[in-house]
Amino acid sequence: MNRYAEMERRRQHLYGWFLLTPATILLTLFAFYPSIATFWESLFSRGTRRRPSEFSGLENYTDLFNDPTFWIVVKNNLFYAGITIPASIAIALAMALWANSKIPATGFVRTAYFTPTVLPMIAAANLWLFFYTPDLGVLDQIGALFGLPSMNWLGRPDTALWAIIIVTIWKEAGFFMIFYLAALQTIPVDYKEAADIEGTSRWTYTRRIVLPLLMPTTMFIVVNAMINSVKLIDHLFILTKGGPSDASKLILYYIWEMAFAFFDAPHAAAMTVMVLLVLGIAAAIQFLYLDRRTHYQ
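Residues numbered from 1 in each chain as written. Predicted model: local features only at pLDDT ≥ 70, side-chain atom pairs only at ≥ 80, totals over all residues. Heavy atoms only, no water.

Focus: the overall build of the protein chain
For the protein chain, the helix and strand inventory stands at 13 helices and 0 strands. Starting at the N terminus, the α and β elements of the protein chain follow one another as α-α-α-α-α-α-α-α-α-α-α-α-α. For the protein chain, the C-alpha radius of gyration of 25 Å lies well beyond 19 Å, the compact-globule estimate for 297 residues. Seen along its three principal axes, the alpha-carbon backbone of the protein chain occupies a region of about 85 × 75 × 30 Å. Burial status across the protein chain gives 34% buried among its 297 residues. At a minimum sequence separation of 6, the contacts of the protein chain that also span at least 24 residues come to 67%. Counting only carbon and sulfur atoms, one obtains 69% of the accessible surface of the protein chain, whose full area is about 18,700 Å². (Helix = DSSP H or I, 4+ residues; strand = E, 2+ residues; numbered from the N terminus. Rg over C-alpha atoms; globule rule 2.2 N^0.38 Å. Buried < 20%, exposed > 50% of the residue type's maximum accessible area, 1.4 Å probe, protein only. Contact = heavy atoms within 4.5 Å. Areas by Shrake-Rupley, 256 points an atom, 1.4 Å probe, with all protein chains shown as cover.)

Following this line, the structure appears as structure tokens:
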């Protein structure tokens, strides 16, 4: 009997490893190995045909910290993330609450909210380029009706990043709305009926019942929004190319520029490693601290 139990236990372990094998292979090929290879490359100097690369330790990281452009890009990305993440989530939640309520043409409202999400990034950027073009753009045409002067939204350091932020919020809010809408539809109607019997206001019901139940979805959206905030590059190619004077340059565009425009792969690798480290720390905080304060039932 003990021998049979031991064989069954081994069979279960083997079955579990077989289930893990596809995910392990994919993660190794597309996550673990590229991350390790990137970190290893960041420890070498930039090589040329006459002067091959040499092991330089943390020199590439030191160079980045001493580069003024690096701090401009970090500041831009922190500001970009600080605006787009809460704004996109708040707008997505408001749209989901509205789309989940009993309103006329619910299907049309949901489709209208979600439409920007299905547009390709390049197409969305070209659409907004039509809005931002000086003199001919929609914004300037509307402003001209009120006697306002023409403005180069994408060519001014004080407005270029804000223009990118608006495009991002418009694009991501509808995507996040889908997750909130799906979560709202899983909340039992008994809670709403009990709240109505108790005479609870809509605001109190939303704040005390709905929002706590949406916390798992909110945490999922926050993680995705954080990742999205450091991987924007498509819009920048079409709208600003990081200008003017690096005013709208973000981290991923800066990495691409170092690797493929300046052919400085080691410094681009070092920047990538730092981004992965920051995202890893943020994920650890989310799973070790915030996850314990989240209501899953």
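What to know about the packing of aromatic side chains
Across all of its chains, the model carries 17 aromatic pairs by this definition. Look at W128 and W170: their rings are 5.6 Å apart centre to centre, the planes differ by 70°, and that puts the pair in the edge-to-face class. With W128 in helix 5 (residues 121-132) and W170 in helix 7 (residues 160-184), the pair connects residues that are 42 residues apart, well separated along the chain. A relative accessible area of 12% places W128 in the buried class. Its relative accessible area of 28% is what places W170 among the partly exposed residues. Taking the centre distance of 4.8 Å and the plane angle of 85° together, the rings of F237 and W256 count as edge-to-face. Here W256 lies in helix 12 (residues 251-261) and F237 lies in helix 11 (residues 234-239), a separation of 19 residues in the sequence. (Phe/Tyr/Trp six-rings, centres within 6.5 Å; stacked < 30°, edge-to-face > 60°.)

Topic: the packing of helix 7 against helix 10 (residues 215-229)
For any two helices packed against each other, one specifies the inter-axial angle together with the distance between the axes. At a closest axis distance of 10 Å, the pairing of helix 7 and helix 10 adopts a crossing angle of 160°. Compared by their axis directions, helix 7 and helix 10 come out roughly antiparallel. As helix 7 runs across helix 10, the sense of the crossing is right-handed. For the pair helix 7 and helix 10, the contacting residues are E172, F176, F179, Y180 and A183 in the first and T217, T218, F220, I221, N224, A225 and N228 in the second. (Axes fitted to C-alpha atoms, helices over the stretch in contact; angles between N-to-C directions. Parallel < 35°, antiparallel > 145°, perpendicular 65-115°, else oblique. Left-handed = near helix turned anticlockwise from the far one by under 90°.)

A short note on the nonpolar core
Within the largest apolar cluster, 22 residues are counted, with the highest numbers of intra-cluster contacts made by A96, Y180, L184, V210 and L214. Broken down by secondary-structure element, the contributors of at least two residues to this core are helix 3 (68-100), helix 7, helix 9 (202-213) and helix 10. When residues in this core are grouped by element, the largest group, 8 residues, is from helix 3. Dropping the residues within four chain positions of it, A96 is found in contact with M177, Y180, L181 and L184. Counting residues in hydrophobic clusters, the runner-up holds 19 residues, among them L43, F70, I255 and A268. (Core = buried A, V, L, I, M, F, W, Y, C linked by side-chain atoms within 4.5 Å.)

A look at the environment of E193
As for its position among the elements, E193 is in helix 8 (residues 189-197). Here E193 falls in the partly exposed class, since its relative accessible area comes to 45%. Separated by 45 residues in the primary sequence, E193 and L148 have C-alpha atoms spaced 51 Å apart.

A closer look at the pattern of salt bridges
Under the definition given, this model contains 4 salt bridges. A salt bridge links D196 to K192, with the shortest nitrogen-to-oxygen separation between them at 2.7 Å. Of this pair, D196 and K192 are both found in helix 8, 4 residues apart, which corresponds to roughly one turn of the helix. Where salt bridges share partners, they join D246, K249 and E257 into one cluster. (Salt bridge = Lys/Arg side-chain N within 4 Å of Asp/Glu carboxyl O.)

Brief notes about the environment of N100
Looking at the element boundaries, N100 is found in helix 3. Taking relative accessible area as the criterion, N100 reaches 30% and is therefore assigned partly exposed. Residues N100 and R110 lie 10 residues apart in sequence; the distance between their C-alpha atoms is 8.9 Å.

Taken by themselves, the reported measurements are silent on function.
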